[in-house]
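# Structural overview for review
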Amino acid sequence: MKLLSIKDLDLANKKVFIRCDFNVPMDDFGNITDDRRIRSAVASINYCLDKDCAVILASHFGRPKGEVVEKYSLKPIALRLQQLLKRHVEMANDVVGEDALKKAKELPRHEVLLLENLRFEAGETQNDAKLSETLASMAEFYINDAFGVSHRAHASVEGITKFFDTEHKAAGFLLEKEINYFGKLINNPVRPFAAIVGGSKVSGKLEALTNLLPKVDKIFIGGGMAFTFLKQMGYNIGASLVEDDLMNEAQHVMDEAKRLGVKFYLPVDVVAAEKFAEDAVSKTVTAQEIPDNWMGLDIGPATVRLYREGLNDVQTVLWNGPMGVYEMEKFARGSFKIAHFVADSYATTVVGGGDTADLVQRVGLNEEISFISTGGGASLELLEGKELPGVAPLRVKV
Ligand code: AMP
């Protein structure tokens, strides 16, 4: 399905409101550690500036829960944005207060205004109509370029779209790219198509797994979620992460894979540790020999070899979720090895946002991946086959 395009709007000399996702990671010193989300918004912003627009930007950052919390101010983001746009970015002191409304009203063309953190307003996450209306009143056009938050029915994402007709709202370039990439991936992948699915729990990925099964040729399971499958198969998994209440579901996924002819891969060995800690005593054991009370925290070297072998002939790879506790060096090897293999392959490679994007960046391989999504939760919902509330109002109705 097609999205309303920013290119079809009559933007010349107008005032435009762009909902961005500037929710970037920061270190303890307040430095932005990954500005990919800010960089990804530049195309839509520059497009509007080139059309002689006055541009109002809005985003959330962290979870200030409806209160003004200084550490969640967007000021550091305004500074980075200035560097990237190579022009001044005016910062409002509030979201819909006196300062923001005045600055928005008086904003000349070719100027950029950034509102304060949208979540300083409780109405943002409550999808409050009054807040949507006030935000909408600032501009003549609304652009959603915040893919990472488009799975949320929030005031600046969903509610606000009701105040603009189809000639006055559209998806930004980033949102369009994300939706098109995932749409093509799911509906028309070049085969063989493999999904690598990891992360902590089956529960978080069950719907995505179920939706992906009829579409993929192979699935490779890693991370904590593998142990629910292994336990269901009768293995002793020691103290590894497990969801006993989902063992039937795990069996169902394996049965469906068999029925559909999807090759379903599980780890054959793991790095097991005595406790969940960087300094834990650890060893590599086969999936059959995990000692009692030990927990599997990474896939082992035999699994890495097996997965490489299985991935060798694929043309499209979708990866969502780490293979182990990659935040701890000791249990990061499996994820890092798979990251290198995926990055080196000639297949089209797509990485879901969140942890998987973070891990690919840690290994310094982000330039080698065909597409890294800017939204972990949002891309997962797309893989689950859901319509995102922030995207639905921007579909071209036929
Ligand atoms: P998710 O948010 O479900 O994608 O899970 C990501 C988290 O899963 C990361 O923080 C990993 O540390 C964690 N994880 C991966 N493998 C394991 C494992 N074997 N045991 C416990 N946690 C894991």
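What you see is a predicted model, and the numbers here were worked out from it, not measured in a lab.

## Description of the domain arrangement of the chain
- You can read the domains of the chain as domain 1 (6-174) and domain 2 (181-383).
- Domain 1 and domain 2 are separated by 35 Å when their C-alpha centres are compared.
- Opposite the 10 residues of domain 1 that make contact, domain 2 presents 11 residues.
- The junction of domain 1 with domain 2 conceals about 880 Å² of combined surface from both sides, 54% of it contributed by carbon and sulfur atoms.
- Among the residues of domain 1 in contact with domain 2, Arg36, Phe147 and His151 are the three that bury the most area, contributing 65% of the side total.
- Here domain 1 and domain 2 share zero salt bridges between them.
- For the pair domain 1 and domain 2, the number of links is four residue pairs in polar contact (both at pLDDT 80 or more).
- At three residues, the largest contribution of residues to the side of domain 1 that touches domain 2 is made by helix H1 (residues 36-50).
- Split into classes, the residues belonging to the side of domain 1 that touches domain 2 amount to two nonpolar, four polar and four charged.

## Side note on a positive patch on the surface
- Taken together, Arg305, Arg308, Arg333 and Lys337 make up a surface patch of like positive charges.
- Counting residues per element, the ones that place at least two in the positive patch are helix H9 (301-311) and helix H10 (333-344).
- Following the sequence through the fold, arginine 308 ends up in helix H9.

Rules of the game
Residues numbered from 1 in each chain as written. Predicted model: local features only at pLDDT ≥ 70, side-chain atom pairs only at ≥ 80, totals over all residues. Heavy atoms only, no water. Domains from an automatic or database assignment. Contact = heavy atoms within 4.5 Å. Buried area = accessible area lost by both parts, 1.4 Å probe. Salt bridge = Lys/Arg side-chain N within 4 Å of Asp/Glu carboxyl O. Polar contact = N/O pair within 3.5 Å; in protein donor to acceptor, adjacent residues only side chain to side chain. Helix = DSSP H or I, 4+ residues; strand = E, 2+ residues; numbered from the N terminus. Nonpolar A, V, L, I, M, F, W, Y, C, P; charged D, E, K, R; others polar. Patch = residues over 30% accessible without salt bridge, like charges linked within 9 Å, V, L, I, M, F, W, Y side chains within 5 Å. Areas by Shrake-Rupley, 256 points an atom, 1.4 Å probe, with all protein chains shown as cover. Lys, Arg positive; Asp, Glu negative; His and termini not counted. Charge placed at Lys NZ, Arg CZ, Asp CG, Glu CD.

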